[in-house]
Amino acid sequence: MSAIGAFLTSSIGRKVVMAVTGLLLFLFLVTHLTANLLILIDPAAFNAYSHALVSNPLIYIAEFGLLALFVAHFVTAFLVFNSGRVARPESYKDDRWAGGTSHKSISSSTMILSGGFFLLFVPLHVWGFKFGAYYDAGGGVRDLHRLVVEEFRNPTLVAFYVVGMTILGFHLWHGLGSAFESLGVTHRRGLRRTGQVIAVVMAGGFTLIPVVIYFMGDAL
Amino acid sequence: METMTLNLRIWRQPRAAADGHLVEYTAREVSPDMSFLELLDVLNDQLIKGGADPIAFDSDCREGICGSCGMVISGVAHGPQSATTACQLFMRQFKDGDTITVEPWRATAFPIIKDLAVDRSAFDRIQAAGGYVSVDAGGAVDANEMLIPKDDADRAMDAAACIGCGACVAACKNASAELFVGARITQFSLLPQGQPERDRRVLAMVEQMEKEGFGPCSNEGECEAVCPKEISVAHIQTLHREFSRASMRRIFAAR
Amino acid sequence: MTLDGKVPDGPLDSKWEHHKFDMNLVAPANRRKHKIIVVGTGLAGASAASTLGELGYNVAAFTILDSPRRAHSIAAQGGINAAKNYKNDGDSVYRLFYDTIKGGDYRAREANVYRLAEVSVDIIDQCTAQGVPFAREYGGNLSNRSFGGAQVSRTFYARGQTGQQLLLGAYGSLMRQVDRGQVQLYTRQEMLDLVLVDGVARGIITRNLVTGALERHAADTVLLCTGGYGNIYFLSTNAGNSNVTAAWRCARRGAYMANPCYVQIHPTCIPQSDEFQSKLTLMSESLRNDGRVWVPLTKGDKRAPQQIPESERDYFLERKYPSFGNLVPRDVASRNAKAVCDEGRGVGATGLAVYLDFSDAIARLGANVIAERYGNLFQMYERITGDDVYVEKAMRIYPAVHYVMGGLWVDYNLMSNVPGLHVLGEANFSDHGANRLGASALMQGLADGYFIAPYTVAHFLATSKIAPVDTAHPAFDEAETSVRQRIDRLLAIRGTRTVLEFHRDLGKIMWDKVGMSRNEKGLQQALGEVRALRKEFWRDVKVAGAADDFNKNLEHALRVADYLEFGELLILDALHRTESCGGHFREESQTDEGEARRDDGAYAYVAAWEYKGDDVEPVLHREPLTFDFVEVKQRSYK
Ligand SMILES: Cc1cc2nc3c(=O)[nH]c(=O)nc-3n(C[C@H](O)[C@H](O)[C@H](O)COP(=O)(O)OP(=O)(O)OC[C@H]3O[C@@H](n4cnc5c(N)ncnc54)[C@H](O)[C@@H]3O)c2cc1C
Ligand code: HEM
Ligand code: HEM
Ligand code: SF4
Ligand code: F3S
Ligand code: FES
């Protein structure tokens, strides 16, 4: 096997891929969140921004890259998860957490589920917004703002998002610190803490949007 | 001195192929000064007298240094007391009436031999793949010709303290051996003696580690928490660095 | 018959040099044609197996344990001696040699000891090259400490885990040879008999401890590196699997057992707490550098240590040995502790302990300095006893069996009287005389394995006609059958008492009557009791399980059976040696102050015993000890 192949298929190489893709997906979410917060602040700006995005031919490459990251991440995720199961098929009859210096948490033990959720969420989400109803804001600019606001009048969708964003928080709670450790950044308690704070901020920020729109949508 | 009565649920499995199950025992007049293995000794003597098969488990030094003994006690590798091997776990850690479940290390790479005894030879094969400095007897220079900063020597010693018990694997949801391998890699990466074979070593040991069927590391840190020698997960991060660096060198050397 | 140690002549300091030249070599191309069996992978075995593998021989290495990384050697804490004189404090090869001879109470072979001191320096170089993380100074140089009362700092150490680090170094080298296919590794295999073909050691019978199957292994020579028999006392600081079986089986096949009564009892161990106890834990000797040993002046004083005022304490070592005080050699410290306990002044629940007190040291240096030096030991002590030394300012200690100087007799080439049977490490009797100095056993094990056996074994192979044998040879049939019969007999008894009970009983007899101080009457009683116990064992022992299974109880039974036979010999040796020397103290032979008195006129020899059959008196062979290079003195630590 080629040296590259050997690295990418090694258990450590896979974790490096997961970490890199995971962090890049996270970066996308950071920009995505900041952009989306415009919805609450400045509808016109938001529309202008997303217009700028979609009208830029590079978007296709960007979108493809994003998709690739996403696929790479969850494919390796399944491989990693599976190799773990194969290595330890049988669990203990009396199974407890060691506590002490351990980082084991609900978040760390449900990564596959929290992550898996996005396999469901992202397609629905993209379908709902990207390929959702087309409103014209005039001048060939799509009125995404209106779309979002209308969508989030629906309580079940809002609930779904609130839950979804919490799950995102869980995934990042362990994920962010873990990613740096996978990349060999020598463990510091601080690193984990920061990751966890950011995870909460991300989840909170995203949750804000549907909730605010739902309760004071008319004001927007 | 007052003694205790304890309920034990111990994993019994006649041989690798057979399937096992937990068997209940009651241990009476347990002295708090007994070690956990001495408790098993006493129980075994009762079993033998009663014509039953005693519980098989490994032990040798009984002072926490050889790494032979290993069992999951009350859901935690080597039991509830941190930085302690099963042989150094004393019954004063428990209270009268406690129920204690005892199970073997569980990992595909550590097949069960009998009851609580498992086969850890996978660790030896990993070491054989590169866990050493290639120097023949007689070929060495004077020990003081090689100056090593005290801090490096001390950190190398921290890593070298691993006793090869396998608790890290047992405690890891992925049965990952990265703490064990990382400790050895760190020791040699810190020392001048380890430099010439630095890349070769880490690539070979990781490859063997996977061949043996140990899982990946999800950075949960249970291993550090149960390690009797408190080997830090920092060694796993070092392992990832060393392995990635070596792989990159190999990739670009291939060009 | 007198035995010949085959010591080369010439001046002491060039014996080994010349001998190395005089010995024959095996050409590189021929080495792989020679198969060598190495039994045991402790320091001696691992170092020998790896070195012979490096040289190109075809080696098979055996261990009882599941990995060569585990062996009794791993427990060694204190350190390893070497005459490097890095500290410039007057050490030298000659001084290390002299201290070892004197410490051994003039009962060791001069030439061997000098060679040991000579190669000690190479050991440190070799281990450092392997990546053993010895303690270092800030300048990057290796650090040394003075150990066990030595007047120079010649002890190298890796925290409190020197044995572990040295073993892992040797283990690494061994696994490298396993990887190269030079060494065949057999773990969880116990040697149960030696196979002689035409009087030459040509193979072994082992039991596969997982399947219970008996296996035959043939070779051109056998290296026995199976450690010491301290566990005959049941409670000792030795690892649970340490045993006499391998050595005793060789003795039954004709190898002489030398000085079996030389047993070292270590003064600073954690006292026994209850009858369930399975082992005693050593507290490093270094504690005696700062701790003061005492007991109450009055019998049965049950007050807590710090409740007892200075005026009512008896610092008996300082009182009796003003110049060495608490740092007297192990045997002296141990005997005196026993003496005060026998007077009923012992402390602790059992009354079998003395205090090692740190209040002065803490007052002088401060608690944190003491914590820095001994923190890990205090922690270990608390884990085991539940008592906090920082609070009590004293720990309870008592002597425990620690090391055996006795072992199979070997000549200068480390070969026993049975051609082809080499014996290395603690298993042989060679270098420590009647008492071993601290930090010298690791040195000896590695010297034997890395730097001596590789030459002498080659010489044996090069100079002896070795006809090929295969395991179908009748000698293998005979040996295997005898092993199988013993196993079947044991399992068939189905008596009422367990192996553990018999082992405890044996230990108690040995400890009470053949322990720190011995006398004619006690030894005679012990002899009778051990013989009776052996009869009872073979009549009434209950061994669980089956022969063809992973059966720890059967393993234990086979070992206890051999201890019961060997114990008799140990006692006979103790009886015959009516002098006191080193670890062997005969009450009949003491000075007016109650110190050991040697009898060089009558006993300046190695006692090598030849087995003649069960219930038959063994035959004594003497190897006279001559001292051409040191002046023989009575040890005095007053
Ligand atoms: C607690 C403690 C502390 C010590 N500290 C020091 C110290 O600080 N400095 C020092 O110099 N010395 C010290 N010693 C002494 C020293 O550790 C030992 O004497 C030395 O390690 C013995 O090494 P060895 O290789 O000869 O035997 P061991 O290390 O005992 O190895 C024996 C090997 O033989 C194998 N074996 C045994 N029987 C069989 C069989 N029948 N079949 C197959 N394999 C078998 C075992 O599995 C093992 O691999 C200490 C000893 C103890 C108990
Ligand atoms: C929304 C996009 C996602 C982001 C931002 C994200 C982020 C991350 C990060 C940063 C990590 C840490 C990597 C490491 O431990 O080295 C991680 C781990 C993980 N991710 Fe994701 N992830 C996302 C989507 C997914 C998806 C769709 C899955 C599919 C199942 C998934 C499954 C996992 C799993 C199982 C892990 C843990 C791997 C391990 O056990 O070490 N993630 N994720
Ligand atoms: C409440 C929170 C969110 C809101 C309001 C929101 C809003 C939107 C909108 C309006 C679009 C369409 C953009 C366009 O077509 O130009 C979009 C696209 C997208 N969103 Fe979200 N989003 C949210 C959360 C998320 C989360 C948590 C994820 C990932 C886990 C995500 C992943 C995506 C992706 C992958 C696209 C498609 C991007 C593209 O193809 O350009 N979004 N989002
Ligand atoms: S790292 Fe710790 S737990 Fe793992 S084998 Fe070494 S000592 Fe045991
Ligand atoms: S517990 Fe397992 S997941 Fe990694 S950090 Fe330790 S190996
Ligand atoms: S028996 Fe040696 S570590 Fe427990």
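Parameters at a glance
Residues numbered from 1 in each chain as written. Chains lettered and ligands numbered in written order. Predicted model: local features only at pLDDT ≥ 70, side-chain atom pairs only at ≥ 80, totals over all residues. Heavy atoms only, no water. Donors = N, O, S within 2.8 Å, 3.2 Å for Na, K, Ca; no water. Tetrahedral: all angles 85-135°; square planar, octahedral: opposite > 155°, others 65-115°. Helix = DSSP H or I, 4+ residues; strand = E, 2+ residues; numbered from the N terminus. Buried < 20%, exposed > 50% of the residue type's maximum accessible area, 1.4 Å probe, protein only. Contact = heavy atoms within 4.5 Å. Buried area = accessible area lost by both parts, 1.4 Å probe. Salt bridge = Lys/Arg side-chain N within 4 Å of Asp/Glu carboxyl O. Polar contact = N/O pair within 3.5 Å; in protein donor to acceptor, adjacent residues only side chain to side chain. Nonpolar A, V, L, I, M, F, W, Y, C, P; charged D, E, K, R; others polar. Pairing = 2+ DSSP bridges. Axes fitted to C-alpha atoms, helices over the stretch in contact; angles between N-to-C directions. Near = heavy atom within 4 Å.

J.: Just to check I follow, could you spell out the coordination of the iron atom of ligand 2 for this structure?
T.: Ideal coordination angles are 109.5 degrees for a metal with four donors arranged tetrahedrally and 90 or 180 degrees for a metal with six donors arranged octahedrally. All names here are of chain A. On the protein side, the iron atom of ligand 2 has His73 (NE2) and His171 (NE2) as donor atoms, found 2.1 Å from it. The site at the iron atom of ligand 2 holds six donor atoms, and with the angles between them running 87 to 179°, its shape is octahedral. Taken together, the residues His73 in helix H4 (residues 58-87) and His171 in helix H8 (residues 155-182) connect sequence positions 98 residues apart. His73 sits in the buried class, given a relative accessible area of 14%. Relative accessible area serves as the criterion here: at 16%, His171 is assigned to the buried category.

J.: Can you walk me through the interface of chain C and chain B in this structure?
T.: Reports often express the size of an interface as the amount of accessible area lost when the parts come together. With 75 residues of chain C at the interface, the matching set in chain B holds 79 residues. Between chain C and chain B lies a buried interface of about 6,200 Å² when both sides are counted; carbon and sulfur atoms form 51% of it. When residues of chain C are sorted by the area they lose upon contact with chain B, C:Arg70, C:Arg136 and C:Arg383 head the list and together hold 11% of the total. The interface formed by chain C and chain B contains nine salt bridges. One salt bridge connects B:Glu63 with C:Lys279, and the closest N-O pair in it is separated by 2.5 Å. Applying the counting criterion to the chain C and chain B interface returns 44 residue pairs in polar contact (both at pLDDT 80 or more). Counting only elements with at least two residues in the side of chain C that touches chain B, the list comes to helix H3 (43-55), helix H5 (110-129), helix H6 (162-179), helix H11 (367-385), helix H13 (441-463), helix H15 (499-513) and helix H17 (552-576) of chain C. It is H6(C) that provides the largest number of residues to the side of chain C that touches chain B, a total of nine residues. Class assignment for the residues of the side of chain C that touches chain B results in 26 nonpolar, 29 polar and 20 charged.

J.: How do you make sense of the sheet that holds strand E8 (residues 214-218) of chain C when you look at a structure like this?
T.: By way of backbone hydrogen bonds, the strands of a sheet pair with one another, either parallel or antiparallel. Residues and elements named next belong to chain C. One open sheet holds the three strands; their spatial order is E6-E7-E8, and the pairing between them is antiparallel. Both edges of this open sheet fall to strand E6 (189-197) and E8, since each of them pairs with a single strand only. Each strand of the sheet is rotated relative to its neighbour by a mean of 25°, with strand direction disregarded.

J.: I'm lost on the site of ligand 2 in this one. Help?
T.: Residues and elements named next belong to chain A. Around ligand 2, the structure places 24 residues, and the nearest of them are Lys15, His73, His171, Ser178 and Ser182. Interatomic distance of 2.8 Å between a side-chain N/O atom of His171 and a nitrogen atom of ligand 2. Measuring from an oxygen atom of ligand 2, one finds a side-chain N or O atom of Ser182 at 2.6 Å. Elements supplying a minimum of two residues to the shell around ligand 2: helix H2 (11-41), H4, helix H6 (111-129) and H8. Class assignment of the residues belonging to the shell around ligand 2 gives a composition of 14 nonpolar, nine polar and one charged.

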